[in-house]
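Here is what each chain is made of, one letter per residue.
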Amino acid sequence: MKKETFIAMSKESDLFRKLAGVQYETKNIAGRKLGKQIAEDIIEGLKDDHAPLFYEEQKQLTSDLGH
């Protein structure tokens, strides 16, 4: 999924929870902030793991095998 899709889903969820009266805006803001921090930590962790390099190596190997 693309980043924009997750953002749109988050905003829609925020709206529905507010309309239903089960969540206040302050909680939505805090949740979005925490979610962003978690996503940034995961992305940085993947960068340190050299995941894209491994992906490129796998792609080349698959190509060399004719798959």
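Structure shown above.
Residues numbered from 1 in each chain as written. Predicted model: local features only at pLDDT ≥ 70, side-chain atom pairs only at ≥ 80, totals over all residues. Heavy atoms only, no water.

(A) Local environment of the overall build of the protein. Within the protein, the regular secondary structure consists of 3 helices and 0 strands. Secondary structure elements in the protein, listed N-terminal to C-terminal, are α-α-α. By the burial criterion, 4% of the 67 residues in the protein qualify as buried. Of the roughly 6200 Å² that the protein leaves accessible, carbon and sulfur atoms contribute 62%. (Helix = DSSP H or I, 4+ residues; strand = E, 2+ residues; numbered from the N terminus. Buried < 20%, exposed > 50% of the residue type's maximum accessible area, 1.4 Å probe, protein only. Areas by Shrake-Rupley, 256 points an atom, 1.4 Å probe, with all protein chains shown as cover.)

(B) Structural detail: a nonpolar patch on the surface. There is a patch of nonpolar side chains on the surface, built from Leu 34, Ile 38, Ile 42 and Leu 46 and spanning about 370 Å² of accessible area. Mapping Leu 46 onto the fold places it in helix H2 (residues 25–48). (Patch = residues over 30% accessible without salt bridge, like charges linked within 9 Å, V, L, I, M, F, W, Y side chains within 5 Å. Salt bridge = Lys/Arg side-chain N within 4 Å of Asp/Glu carboxyl O.)

(C) Local environment of the side chain of Asn 28. As for its position among the elements, Asn 28 is in helix H2. Look past the residues within four positions of Asn 28 in its chain and what remains in contact with it is Asp 14, Lys 18 and Gln 23. (Contact = heavy atoms within 4.5 Å.)

(D) The layout of surface pockets, seen in detail. Approximately 420 Å³ is the volume attributed to the largest pocket. Lining the largest pocket are 13 residues, and of these Lys 3, Ile 7, Gly 35, Lys 36 and Ala 39 sit closest to its centre. Tallying contributions element by element places H2 first for the lining of the largest pocket, with 6 residues. Residue classes in the lining of the largest pocket are distributed as 5 nonpolar, 2 polar and 6 charged. (1 Å grid on protein atoms, 1.4 Å probe; cavity = no way out; pocket = protein on both sides within 12 Å on 5 of 7 lines; lining within 4 Å. Points joined across faces, edges and corners; volume = space filled by probe spheres on them. Nonpolar A, V, L, I, M, F, W, Y, C, P; charged D, E, K, R; others polar.)

(E) Main features of helix H1 (residues 3–20). In a regular helix each residue adds 1.5 Å, so 18 residues correspond to 26 Å; H1 covers 26 Å between its end C-alpha atoms and thus fits that length. Two residues or fewer past H1, Gly 21 is found with a positive phi of approximately 80°. (Expected span 1.5 Å × (residues − 1).)

(F) Seen up close, the environment of Arg 17. Mapped onto the elements, Arg 17 comes out in helix H1. Separated by 11 residues in sequence, Arg 17 and Asn 28 place their C-alpha atoms 9.0 Å apart. If we skip the residues at most four places from it in the chain, Arg 17 touches Val 22 and Gln 23.

(G) Expanded view of the pattern of salt bridges. Per the counting criterion, the structure on display carries 3 salt bridges. Across the pair Arg 32 and Asp 14 runs a salt bridge, and its minimum N-O distance is 2.4 Å. Residue Arg 32 is found in helix H2, and its partner Asp 14 is found in helix H1; the two are separated by 18 residues along the sequence. For Arg 32, a relative accessible area of 35% translates into the label partly exposed. On the accessibility criterion, Asp 14 (10% relative accessible area) is buried. The residue Lys 18 makes a salt bridge to Glu 25 at a minimum N-O spacing of 2.7 Å. Take Glu 25: its relative accessible area is 33%, and that puts it in the partly exposed class. Residues participating in the shared-partner salt-bridge network are Asp 14, Lys 18, Glu 25 and Arg 32.

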